[in-house]
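Fold and contact review
Listed here are the chains, written in short residue letters.
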Amino acid sequence: MFTAEAASAFISTFLAGFAEVAKPDRVAFVSSVLDWRKLAPVAVGPSWEELSVSQREATLAALTDHVAALIADLPLTSASLVITDRDPDDSSEFRVMTGALVDEEPTEITFWVFEQAGRGLRMGDVGVEGVSFLGRLRPRLTAIAESQGIDAVIRELPQMVG
């Protein structure tokens, strides 16, 4: 089991790397530490169970690309670590809260960090001012999946705005 200190160090390293990476390369940088395997079924909703393996992989890839692009647009170069605590809803994860300036206003950005066997620490969901990307995406994705099918979700994710 990893510790709060390890989660804080992971995000500190991520933030330092983020600041050094050229803006056009940030999506790939974020994707290298982002893992939505646990979140994709929640984001898509009940229709996830009906998907084939290839549909699940395509959906996960589209979600990862979309969320990585959202994170890459955050002003994380100004972020500073605030606090780390265990997620009250999932004791296997830590929340690492940071403060960043968004339009010159102090803004709370939260990273959920977990350990994945064989891959080390990974970033799951990210929240801005208490609203997670999963929480923002889930209603839209579930509705699209139920009314138009998973191919529509995969097709529409790149055009969705945070």
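Residues numbered from 1 in each chain as written. Predicted model: local features only at pLDDT ≥ 70, side-chain atom pairs only at ≥ 80, totals over all residues. Heavy atoms only, no water.

**Description of helix H5 (residues 133-148)**
Let me state the cut-off plainly: Secondary structure follows DSSP: runs of H or I at least 4 residues long count as helices, runs of E at least 2 residues long count as strands, and numbering of each begins at the N terminus. In this analysis, the expected span of each helix is defined as 1.5 Å times one less than the number of residues it contains. Two axes define the bend at a residue: one fitted to the seven residues ending there, one fitted to the seven starting there, and the bend is the angle between them. Between buried and exposed lies partly exposed: a residue is buried under 20% and exposed over 50% of the maximum accessible area for its type, with that area taken using a 1.4 Å probe on protein chains only. Any two residues whose heavy atoms approach within 4.5 Å are treated as being in contact.
The terminal C-alpha atoms of H5 lie 22 Å apart, and with 16 residues this matches the ideal 22 Å at 1.5 Å per residue to within 8%. At Pro139, H5 is bent by approximately 25°, the largest bend along its length. What H5 keeps buried is the set Phe133, Leu134, Leu137, Leu141, Thr142, Ile144 and Ala145. Contact partners of the buried residues in H5: helix H3 (40-44), helix H4 (53-72), strand E4 (120-128), strand E5 (131-132) and helix H6 (150-156). Of the residues one or two after H5, Gly149 is the one with positive phi, at around 100°.

**Examining the nonpolar core**
Grouped burial of nonpolar side chains is what soluble globular proteins tend to show. For the record, the criterion: Residues enter a nonpolar core if they are buried and are Ala, Val, Leu, Ile, Met, Phe, Trp, Tyr or Cys, with the set joined through side-chain atoms within 4.5 Å.
Counting 48 residues, the largest nonpolar core has Phe14, Trp36, Ile71, Leu76, Phe111, Met123 and Phe133 as its most contacted members. Of all the secondary structure elements, the ones that give two or more residues to this core are helix H1 (4-20), H3, H4, strand E2 (93-102), strand E3 (105-116), E4, H5 and H6. Element by element, the count of residues in this core is highest for H4, at seven residues. Excluding its chain neighbours within four sequence positions, the residues that come into contact with Met123 are Phe10, Ile11, Phe14, Val33, Leu34, Asp35, Ile71, Phe111, Trp112 and Phe114.

**Overview of unusual backbone geometry**
The backbone of Glu129 sits at a positive phi, close to 55°, despite the residue not being glycine. Here Glu129 shows up in the loop between E4 and E5.

**Considering the packing of aromatic side chains**
Basically, it comes down to this: Any Phe, Tyr or Trp ring, taking Trp's six-membered ring, that has another such ring centre within 6.5 Å forms a pair; planes under 30 degrees apart are called stacked, those over 60 apart edge-to-face, and the others tilted. Charge-over-ring contacts are defined here by two conditions on Lys NZ or Arg CZ: a distance within 6 Å of the ring centre and an angle within 35 degrees of the ring normal.
Throughout the structure, instances matching the rule amount to four aromatic pairs. When the ring of Phe2 is compared with that of Phe94, the centres are 5.1 Å apart and the planes differ by 75°; the resulting orientation is edge-to-face. Here Phe2, found in the segment before H1, pairs with Phe94, found in strand E2; they are 92 residues apart in sequence, far enough to count as distant. Across the pair, exposure class does not vary: Phe2 and Phe94 are buried alike. Ring centres 5.9 Å apart and planes at 45° place the aromatic pair Phe14 and Phe18 in the tilted group. Of this pair, Phe14 and Phe18 both sit in helix H1, four residues apart, roughly one helical turn. Judged by relative accessible area, Phe14 falls into the buried class, the value being 3%. Since its relative accessible area comes to 0%, Phe18 is described here as buried. A connected cluster of aromatic rings, assembled from ring pairs, spans Phe14, Phe18, Phe29 and Phe111. Here the guanidinium or amino end of Lys38 rests over the ring plane of Phe114, the centre of that ring lying 4.9 Å away.

So far we have only geometry, and geometry alone does not tell us how the molecule works.
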